[in-house]
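Observations on the model geometry
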Amino acid sequence: MDIQTCHLSQVFSGYHTPTDKPSVLPTRTPSDHPTLKYTHGAGGNGGGEVDSFCAKGHYIVKWRLRVGGMVDAIQGQCSDGKWLKKCGGNGGGKWEGALNVKKIAVRSGSMIDKFGGHGGNGGGRHMLDCGSKYKITGYKSRCGALVDKVAFQCRVVKSSIKK
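Residues numbered from 1 in each chain as written. Predicted model: local features only at pLDDT ≥ 70, side-chain atom pairs only at ≥ 80, totals over all residues. Heavy atoms only, no water.

Glancing now at the overall build of the protein chain. Within the protein chain one finds one helix and 13 strands. The order of α-helices and β-strands along the protein chain, N terminus first, is α-β-β-β-β-β-β-β-β-β-β-β-β-β. When burial is assessed residue by residue, the protein chain has 34% of its 163 residues classed as buried. Long-range pairs, those at least 24 residues apart, make up 58% of the contacts in the protein chain between residues at least 6 apart in sequence. When the accessible area of the protein chain is evaluated, it comes to approximately 8900 Å², of which 53% is carbon and sulfur surface. (Helix = DSSP H or I, 4+ residues; strand = E, 2+ residues; numbered from the N terminus. Buried < 20%, exposed > 50% of the residue type's maximum accessible area, 1.4 Å probe, protein only. Contact = heavy atoms within 4.5 Å. Areas by Shrake-Rupley, 256 points an atom, 1.4 Å probe, with all protein chains shown as cover.)

Pasting the structure below:
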């Protein structure tokens, strides 16, 4: 399969005309499924960008959250033990533990109100779902004192946990 260079808007609208502002299409496996993708983003566009990803072959197995009526901060830990960059501030109470490795429900308006069942009840409900065969391997987020927006990076990853 050839990799084409085009605007993402052209990919979604069905046009694949090369342009002077390239984006690389997702890597494909022999079965023609992307090995890397992103969920839709929930939240608003305030704060600064914080993107953080696990090393190839690893995925998020644990979360550190700071929450009150809103989500003050999120931070993921990868299956190799590495903690990702923290997004957010130091307000709220601390929670640490495991959540689903493929999908997490959030509530949001212009900011993230609830993450994985922790936080407030404002905003609308969104399921950030990587889909079958994929695991959450990182996040693209926006934050300041609170978490403004989050989307997950998803990869096809074999489980690194031994039975």
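Now, onward.
This next bit is on the state of the cysteines. Taken as a whole, this structure holds three disulfides when the rule is applied. The residue that forms a disulfide with C130 is C154, at a sulfur-sulfur distance of 2.1 Å. Every disulfide takes its handedness from the sign of the S-S torsion; for C130 and C154 that torsion is -70°, giving left-handed. You can see C130 sitting in the loop between β11 (124-129) and β12 (134-143) and its partner C154 sitting in strand β13 (residues 147-156), a full 24 residues away along the chain. (Disulfide = S-S within 2.5 Å.)

Our focus in this paragraph is the nonpolar core. Core analysis: the largest hydrophobic core is formed by 27 residues, its most contacted members being W63, I74, I104, F115, Y139, V150 and F152. Put simply, the parts of the chain that give this core at least two residues each are β4 (60-67), β5 (71-78), β8 (103-108), β9 (112-115), β12 and β13. For F115, the residues in contact, after removing those within four places along its chain, are W63, L65, V71, I74, L99, I104, A105, V106, V150 and F152. (Core = buried A, V, L, I, M, F, W, Y, C linked by side-chain atoms within 4.5 Å.)

Glancing now at the pairing of β8. Residues of β8 alternate between two faces, with I104, V106 and S108 buried on one and K103, A105 and R107 left unburied on the opposite face. Direction of pairing for β8 relative to β9: antiparallel, over a ladder of three bridges. By the bridge assignment for β9, R107 is matched with K114. (Pairing = 2+ DSSP bridges.)

With that settled, the discussion passes to the confidence of the model for the protein chain. Overall, the predicted model of the protein chain reaches an average pLDDT of 84, with 77% of residues at or above 70. Long-range and interchain partners of residues 1-25, a stretch whose pLDDT sits below 50, account for 27 contacts in this model, where long-range means more than four residues apart. (pLDDT = per-residue confidence, 0-100.)

This part covers the environment of G144. Take G144: it is sitting in the loop between β12 and β13. A relative accessible area of 37% means that G144 is categorised as partly exposed. Residues G144 and V50, spaced 94 residues apart in sequence, show a C-alpha to C-alpha distance of 9.6 Å. Contacts of G144, omitting those with residues within four sequence positions, involve G47, G88 and G89.

Summed over the entire model, instances satisfying the criterion amount to three salt bridges. Between K140 and D51 there is a salt bridge, with its nearest N and O atoms 3.6 Å apart. In this pair, K140 sits in strand β12 while D51 sits in strand β3 (residues 48-53), placing the two residues 89 residues apart along the sequence. Residue K140 is classed as partly exposed on the basis of its relative accessible area of 36%. On the accessibility criterion, D51 (18% relative accessible area) is buried. Notably, a salt bridge pairs E96 with K62, separated by 3.1 Å at the nearest N-O pair. Pair noted here: E96 is in strand β7 (residues 93-97) and K62 is in strand β4, with a separation of 34 residues, a long-range link. Within this structure, K62, R64 and E96 form a network of salt bridges that share partners. (Salt bridge = Lys/Arg side-chain N within 4 Å of Asp/Glu carboxyl O.)

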